[in-house]
Each structure stands twice: as C-alpha cells, then as structure tokens.
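Each chain is listed here by its residues.
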Amino acid sequence: MSNVLETVAEVAAAEDERRAANAIRALAMDAVEKAKSGHPGMPMGMADVATVLFRQFVKFDASTPDWPDRDRFVLSAGHGSMLLYALLYLLGYPGVSIDDLKNFRQLDAKTPGHPEFGHTVGVETTTGPLGQGLATAVGLALAERLQAARFGDEIVDHRTYVIAGDGCLMEGVSHEAIDLAGHLRLGRLIVLWDDNGISIDGPTTLSTSTDQIARFAASGWHVQRVDGHAPAEIAEALAKAQQDPRPSLIACRSVIGYGAPGKQGKETVHGAPLGASEIELARAELGWPYEPFDIPAKTLENWRASGRRGEGERLAWEQRLSASGRRDEFERFLKGDIAGEIAAPLRALREKFAAERPKVATRKSSETVLGVVNEATKATIGGSADLTHSNFTITKGLGSVSAENFSGRYIHYGVREHGMAAAMNGIALHGGFVPYGGTFLVFSDYARGAIRLSALMGQRVVYVLTHDSIGLGEDGPTHQPIEHLASLRAMPNLYVFRPADAIETAECWEIALNAKTTPSLLSLSRQNLATLERPIGENLSARGAYVLREPSGGREATLIATGSEVQIALAAADLLWARGTRAAVVSMPCWELFETQSPTYRASVLGSAPRVAVEAAARLGWDRWIGERGAFVGMTGFGASAPADALYARFGITAAGVADAAEALLAQR
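Residues numbered from 1 in each chain as written. Predicted model: local features only at pLDDT ≥ 70, side-chain atom pairs only at ≥ 80, totals over all residues. Heavy atoms only, no water.

Caption draft 1: Main features of the pattern of salt bridges. With the rule as written, the count across this model stands at 39 salt bridges. Between E154 and R320 there is a salt bridge, with its nearest N and O atoms 3.6 Å apart. Within this pair, whereas E154 is found in the loop between α6 (132-151) and β2 (160-165), its partner R320 is found in helix α13 (residues 311-324), the two being separated by 166 residues in sequence. Residue classification places R320 among the partly exposed residues on the basis of a relative accessible area of 31%. For the salt bridge of R534 with E507, the shortest nitrogen-to-oxygen distance reads 2.5 Å. With R534 in the loop between β15 (529-530) and β16 (546-549) and E507 in helix α21 (residues 502-514), this residue pair connects regions lying 27 residues apart in the sequence. Residue E507 is classed as buried on the basis of its relative accessible area of 0%. (Salt bridge = Lys/Arg side-chain N within 4 Å of Asp/Glu carboxyl O. Helix = DSSP H or I, 4+ residues; strand = E, 2+ residues; numbered from the N terminus. Buried < 20%, exposed > 50% of the residue type's maximum accessible area, 1.4 Å probe, protein only.)

Caption draft 2: Quick peek at the nonpolar core. Of all hydrophobic cores here, the largest spans 70 residues; its most connected members are L142, L186 and L189. Sort the elements by how many residues they give to this core and α6 lands first, with 11 residues. Setting aside residues no more than four positions away along its own chain, L186 makes contact with V138, A141, L142, R145, A181, R246, P247 and F406. Counting residues in hydrophobic clusters, the runner-up holds 68 residues, among them L87, Y89, A235 and I256. (Core = buried A, V, L, I, M, F, W, Y, C linked by side-chain atoms within 4.5 Å. Contact = heavy atoms within 4.5 Å.)

Caption draft 3: Up close: the packing of aromatic side chains. Evaluated as defined, the whole model comprises 20 aromatic pairs. With a centroid separation of 5.1 Å and 80° between ring planes, the pair formed by F151 and F330 is classed as edge-to-face. Pair noted here: F151 is in helix α6 and F330 is in helix α14 (residues 327-335), with a separation of 179 residues, a long-range link. Here F151 matches F330 in class, with each residue buried. (Phe/Tyr/Trp six-rings, centres within 6.5 Å; stacked < 30°, edge-to-face > 60°.)

Caption draft 4: Structural detail: the environment of L75. Here L75 lies in strand β1 (residues 72-75). The buried category is assigned to L75, whose relative accessible area is 2%. Placed 40 residues apart in sequence, L75 and P115 show a C-alpha to C-alpha distance of 8.1 Å. Among all residues touching L75, those that are not within four sequence positions of it are M42, G80, S81, L83, L84, P115, T127 and I163.

Listed below in structure tokens is the structure:
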C-alpha cells in the first residue's frame with residue numbers, strides 16, 4: 001500500500017511540476033502575443049529548468065527582494081525576459097502584477113523588452129547584449145567571496161545562478177568571463193546553458209562547432225549535461241553543482257518554443273509572437289485550457305508558496321547578523337558611503353600637491369591619490385587588465401585576490417578588458433564595494449559594451465584609462481587614442497575626466513568616488529605634467545571647467561584645454577601676451593559636469609571673446625563650447641610612432657599653433 005501511495009504522490013508531484021512550468025509558458029506566449037513583439041521561444045524552452053531552479057534551489061524570500069544574503073539570478077539571455085517576469089509574478093514579488101505582464105514591452109511598463117536593473121524589482125542586472133549577463137555574474141560571484149572574506153560565511157553565503165543561451169556563449173566576452181571564473185574557482189557560480197541549438201539565422205551549426213562542454217572544462221569548470229525537460233535530471237545536476245568547489249556549467253538540452261507543435265525547435269519561434277492559431281494548438285498540446293493570463297488558483301498558490309519558502313532562512317540569517325555584533329558595520333558597508341572617509345585625506349593631499357608642485361604624469365599622481373584613498377577606506381577594490389605597472393592602479397598593502405585568498409583588494413584581470421569591465425559592474429551591483437580597473441584609453445573600445453551598461457544601470461564603477469593621447473609616443477597609432485574621448489563623452493550618465501595635473505587628478509578621483517549613481521572614467525597622461533598654479537580651497541573640477549588664468553584688462557581670446565594640453569594653452573597665452581593679445585585660459589576636466597552648471601557660470605567661464613580649444617584628440621563635440629566661430633587645435637587623423645614631443649610638433653599641437661589659431665580668429669573680426 002505504501003508503494004502505491006508513494007507512486008500516487010510522485011505522479012501528483014510531477015503533474016504539479018509540469019503545470020508550474022506550463023504557467024510560465026502560457027504567460028510568456030500570452031504576453032508576447034498581446035504585445036505583438038517579443039521572444040517566446042526561450043521562456044517556453046527553459047520553463048522546466050526555471051521551475052526546478054526557483055522552486056527547489058534558489059535561496060530568496062520574495063517578500064524581501066533586497067535581502068543581502070539572497071542568491072542572485074541573472075537572465076543573461078535577456079531577450080527571453082518574459083521568463084523572468086513570469087517568475088517574478090508567480091513567486092509573488094511585490095509590485096509585479098498580472099497587469100504588468102499584460103503591459104509587456106509598452107511605454108513605462110515594469111516589464112520592458114529586456115530586463116533593466118532598477119526598473120523592475122527582482123532584476124539583479126540589466127541584460128540583453130548577449131554575454132554581458134554571464135560576465136556580470138562573474139563579478140557578482142566574485143563580490144560574494146570578497147564580502148564573505150570580510151564578514152564570514154555566517155553572514156555572507158549565497159550563490160549566483162545564470163541562464164545563458166547559445167548567443168551568450170558565442171560572444172567573445174564569454175570566454176574572458178569563464179576563464180576568469182575558472183581561474184578564481186568561483187564555486188558559487190552556476191550557469192544553466194539553454195542548449196537548444198537554434199539562433200536567429202537557424203541552427204547553430206551554421207556558425208559554430210565549438211564543444212562548449214570541453215571549453216568550460218578546459219577553463220576549470222565542473223560540467224554536466226542534462227535533458228532540459230526532465231525535472232529530476234535538472235534537480236540532480238543542480239545538487240551536484242552546489243557541492244562542487246568549481247564554477248559549474250549545466251548544459252540543458254532543450255527545445256526552443258517547447259509546447260508549440262507547429263513552431264517548436266525552429267528559429268521562427270525565437271523572436272516573434274506565435275500567433276493566435278499556434279497558441280490555440282499550444283494550449284491543447286500543453287493541456288492548458290485557460291484564458292490568456294489566467295493562472296489556476298492552485299497553481300498560483302503553489303508558486304506563491306515557493307516564493308515564501310525562504311522566509312525562515314532569511315529570519316535565521318537576520319538573527320545571525322544581530323548576534324554577530326557586526327550588523328551596523330555590515331549595513332554601513334552595503335550603503336557604500338565613503339565620502340566622509342576620504343574627504344580629509346584628499347584635502348590634505350591637494351594641499352601637499354599645491355605646496356610641492358610635482359611634475360609627474362597624471363597616471364602617476366593617480367597612483368598617489370589611490371594610495372591615500374585605499375588607506376582611508378576599505379571599500380575600494382582595484383585591478384587592471386594586465387597593465388598594473390603602466391596604469392599604476394596598485395598601492396601598498398592591497399594584496400592580490402586569488403582562489404586561495406579573497407581578502408585581497410587587487411584583482412589581476414588578465415588581458416580581458418571587456419571581462420574586467422563587466423565583472424566590475426557585478427561587484428558594484430552586489431553592493432558596498434567601489435571597484436576601479438585600469439587599461440589604456442585606446443582599449444576602452446574593447447570594454448565599451450560593459451561601460452555602457454555601467455552608465456545605463458547607474459553604477460559607481462571607475463575606469464582608470466591611461467596613455468590617453470599621442471603623448472604615449474613610440475607605441476604608435478595602434479595605441480594612441482584619437483576618437484575615444486568624443487565617443488565616450490557621447491555616452492549618457494558617464495563622467496569623462498581628463499585632469500591637467502596632480503591637483504585636478506585628486507579632485508576628479510574624489511568626485512568619481514562620491515558619484516554613487518554615475519560611473520566615471522579618468523583619462524590620464526603618460527607624459528609628465530607640471531602642477532598648475534591655482535586656488536585649492538574648492539574642488540574646481542566639480543564645476544567641470546573653470547578659469548585658470550584671467551588677464552588683466554579683459555580677455556580678447558579664450559583658450560580652452562583639457563589634460564596635458566592645458567600647459568600648452570598656458571604657454572600659448574604667454575606668447576599672445578608677448579604679442580599684445582590678452583588671452584584667458586580655461587581648464588575643462590569634465591564636460592558633463594560643466595554642462596550641469598548654471599548658464600551664468602558657464603558664460604562667465606567661456607566669455608564672449610573668440611575661443612580656441614586645444615586637445616590632442618578629435619574635434620567632434622568641441623563646437624558645443626567654442627561656437628561656430630571657434631577654432632580647434634588637435635588631431636584630424638591617426639597618430640604616428642615617435643617620441644611625444646616630436647608628435648606634438650608634427651601635428652601642430654603646440655603653443656605657437658594655438659597662438660596662431662587665436663590670432664587668425666581675431667583677424668577675422
């Protein structure tokens with residue numbers, strides 16, 4: 001009799017599991033159909049995997065979405081966003097209603113086409129650009145270990161789960177990410193690969209023959225393969241993954257659009273509504289005789305119970321946190337308020353710079369600033385893409401992060417600019433830490449996709465980009481950034497700083513570290529720059545631009561410059577003075593901050609006299625500040641291989657060139 005009862009219970013459990021997964025499929029196909037756009041294939045194909053994952057394995061409490069010790073879930077294949085939105089609704093996350101699902105992809109909806117961090121509760125990171133979610137998840141998993149090393153496993157002990165698709169694994173950033181994760185042995189990272197063999201163009205065999213299992217294994221991962229529609233197999237694989245000290249890949253062989261008999265397994269189900277007739281067939285195939293968006297009460301309640309199953313674990317964690325005696329410290333850490341820690345030390349450093357007047361490269365003064373910052377606060381986590389001793393991003397006492405030691409504060413990212421930037425996004429998203437990482441400015445192109453997500457998500461990530469112009473010299477045009485400043489300045493919600501000396505470098509670092517909802521980029525010189533003579537009582541860089549020199553008797557011309565070219569503008573002003581022309585000099589370390597100043601202040605800085613801008617980069621964007629009648633002294637093409645002084649002379653970026661440009665403007669009046 002007991003065997004019969006067990007069999008009946010098993011059948012009932014399997015039926016419950018099947019109906020739970022079909023609820024995801026139904027909501028996905030209904031929402032996409034109503035919106036007349038979207039991607040039903042992946043949610044329908046991975047519904048069984050997601051059901052097992054969230055009902056049995058993910059540690060969370062839907063009533064408290066920001067519980068610090070929750071497991072993180074990243075939908076790297078962000079086009080399948082309805083999988084995530086369906087889960088959030090079914091599990092009972094606050095503020096995600098059935099009406100939100102009906103409003104899928106509509107203006108101001110909580111359910112946009114791709115998941116957006118900060119827009120929808122329960123979304124841990126913005127995804128959509130393929131591979132970015134997987135790479136960001138490496139940062140989340142790394143941050144968990146960094147945090148655990150500081151507060152202990154009693155307070156910090158959670159996992160990061162990822163659902164990734166074929167496209168995520170084709171993107172180059174995926175290799176950077178899996179290599180880094182395997183090297184650091186991030187055993188709390190588990191990736192579930194939607195191995196459906198289909199991409200937009202058709203079968204993946206059109207474009208790839210990679211053995212992904214072998215690739216991940218070669219990078220030090222624990223790997224398994226399962227039937228993505230067999231809940232028992234999925235559960236067994238997840239249990240094994242949780243026990244392995246390595247990061248895990250579970251290849252889930254699935255059928256895209258599972259349940260839609262006329263379209264499943266085909267590329268046509270990837271990114272278009274099924275259509276009314278196919279949905280009718282799918283409902284019959286799945287045994288789902290309900291109206292659109294109608295979830296049976298018992299199925300919904302079972303899902304909601306899964307959403308509540310972590311409540312006891314959360315309450316127990318809160319008791320452990322209180323008993324640890326470190327609650328206040330932990331909560332302060334998560335807030336990331338470091339302004340009070342760094343203000344006085346940085347003020348003292350600026351005073352020291354002003355008194356000693358060092359002539360050093362801004363990459364070197366950045367190192368000095370970081371030494372002060374890293375001593376004043378423990379929140380910073382540094383790193384470089386294998387250019388540590390060129391970027392000068394490491395300081396005394398940080399210690400290297402390794403698989404054996406997560407108490408360090410410096411990450412050797414290797415030659416992985418994109419992976420570094422994405423991982424830093426994950427570290428920032430996890431909370432508390434302030435990540436910064438270095439490479440050459442020209443290689444920001446490799447990291448740009450992740451830099452854009454830093455800006456889109458409003459994350460405090462600091463990019464230390466050195467060798468910022470033709471001034472790097474002999475390495476030549478492949479390493480000399482020309483268009484990069486213009487390109488990066490075009491990006492919304494990104495501070496692009498180009499400091500002119502040690503004092504401005506300290507000021508720009510302070511702004512970047514205090515900007516909790518905006519990433520920053522510091523463009524730093526290789527060549528030595530003299531410290532400017534200027535007042536230091538106020539952080540003038542916070543205004544974006546300021547008058548560095550105002551000639552007596554009123555200005556006849558205004559010279560505007562950034563970074564290493566400020567000293568050229570000052571020398572040009574001296575030449576003009578000797579020739580009988582009065583020129584003001586403006587240092588403009590941050591266009592974005594200057595744009596936020598009042599019209600009155602901007603007018604006082606720019607003046608009404610003819611303007612000349614000088615920057616060893618492309619002109620694009622400078623007309624905003626110099627006007628139609630302004631002149632620009634800079635680059636019009638790529639650089640060359642030669643010593644810096646020879647290059648500046650070759651391209652006419654000299655004091656004489658700037659003075660001549662100003663006189664030519666005055667002659668036209």
